[in-house]
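Spelled out from the first residue to the last, the chains are:
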Amino acid sequence: QAGGAGGGGAGQAGQNASGSSGSGSVGDGGDGKQSNITGSDVFYAGGGGGGSNQANEAVSGAGGQGGGGNGGHSSQQGQAGTNNLGGGAGGCSQNYSGSQMGQGGSGVVILRCPTSIIASTTGSPTITQVGSDSVVKFTGTGTLVTTRF
């Protein structure tokens, strides 16, 4: 029997499992979407890798680019997705007996606008300059108030 298929990412479907053992028995997570809103190329929302199907199998699906967690192998749980990238968690091995599963990574809100129109912010955003723009990155609650839009 095949192991777990990889979860879909924002930019690519996850891989199906195609065999009953070895690397073909699990699927990799799909890649997320790449963005350069911050001035650097970053992937967000990668899919989680599939978990293995056999107790002693040392292979699992890789998480997709953008914070996807790797799947579990042997008797392990899948890895959590990366926080602030919105990656999906990897699937657990078929023989994982624990009650705690990997969690998906928290998301992020990123806004880019001309610095001259920002009136105020609340919360604790990270603000960086990219040319004449401000990149405002929220990893928790907060607001951005502009003078015009």
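Look up a bit, the structure's there.
Draft legend 1. Representation of the overall build of the protein chain within the structure. Counting its regular elements, the protein chain contains 0 helices and 7 strands. Over its C-alpha atoms the protein chain spans a radius of gyration of 19 Å, topping by over 25% the 15 Å that the globule rule assigns to 149 residues. Expressed as lengths along the three principal axes of its C-alpha atoms, the size of the protein chain is roughly 60 × 25 × 20 Å. For the protein chain, buried positions account for 28% of its 149 residues. Summarising the internal contacts of the protein chain: among those between residues at least 6 apart in sequence, 34% fall at separations of at least 24. Summed over its atoms, the accessible surface of the protein chain is roughly 7700 Å², and 45% of this surface lies on carbon and sulfur atoms. Seen as two clouds, the 4 positive and the 5 negative side-chain charges of the protein chain have centres 19 Å apart.

Draft legend 2. Expanded view of the sheet that holds strand E3 (residues 109-114). As summarised here, the arrangement of the 3 strands in space is E3-E6-E5, forming an open sheet in which the pairing is antiparallel. With partners counted over all chains shown, the strands left at the sheet margins are E3 and strand E5 (126-130), one partner each. Mean inter-strand twist for the sheet, computed between neighbouring axes without regard to direction, equals 20°. With 5 bridges joining them, E5 and strand E6 (residues 133-138) adopt antiparallel strand pairing. By the bridge assignment, Thr128 is partnered in E6 with Val135.

Draft legend 3. Broad picture of the environment of Met101. Here Met101 is to be found in the loop between strand E2 (42-44) and E3. When near neighbours in sequence (up to four residues on either side) are disregarded, Met101 contacts Gln77, Cys92 and Tyr96.

Basis of the calculations
Residues numbered from 1 in each chain as written. Predicted model: local features only at pLDDT ≥ 70, side-chain atom pairs only at ≥ 80, totals over all residues. Heavy atoms only, no water. Helix = DSSP H or I, 4+ residues; strand = E, 2+ residues; numbered from the N terminus. Rg over C-alpha atoms; globule rule 2.2 N^0.38 Å. Buried < 20%, exposed > 50% of the residue type's maximum accessible area, 1.4 Å probe, protein only. Contact = heavy atoms within 4.5 Å. Areas by Shrake-Rupley, 256 points an atom, 1.4 Å probe, with all protein chains shown as cover. Lys, Arg positive; Asp, Glu negative; His and termini not counted. Charge placed at Lys NZ, Arg CZ, Asp CG, Glu CD. Pairing = 2+ DSSP bridges. Axes fitted to C-alpha atoms, helices over the stretch in contact; angles between N-to-C directions.

Honestly, that's just the spatial picture; any functional story needs more than this.
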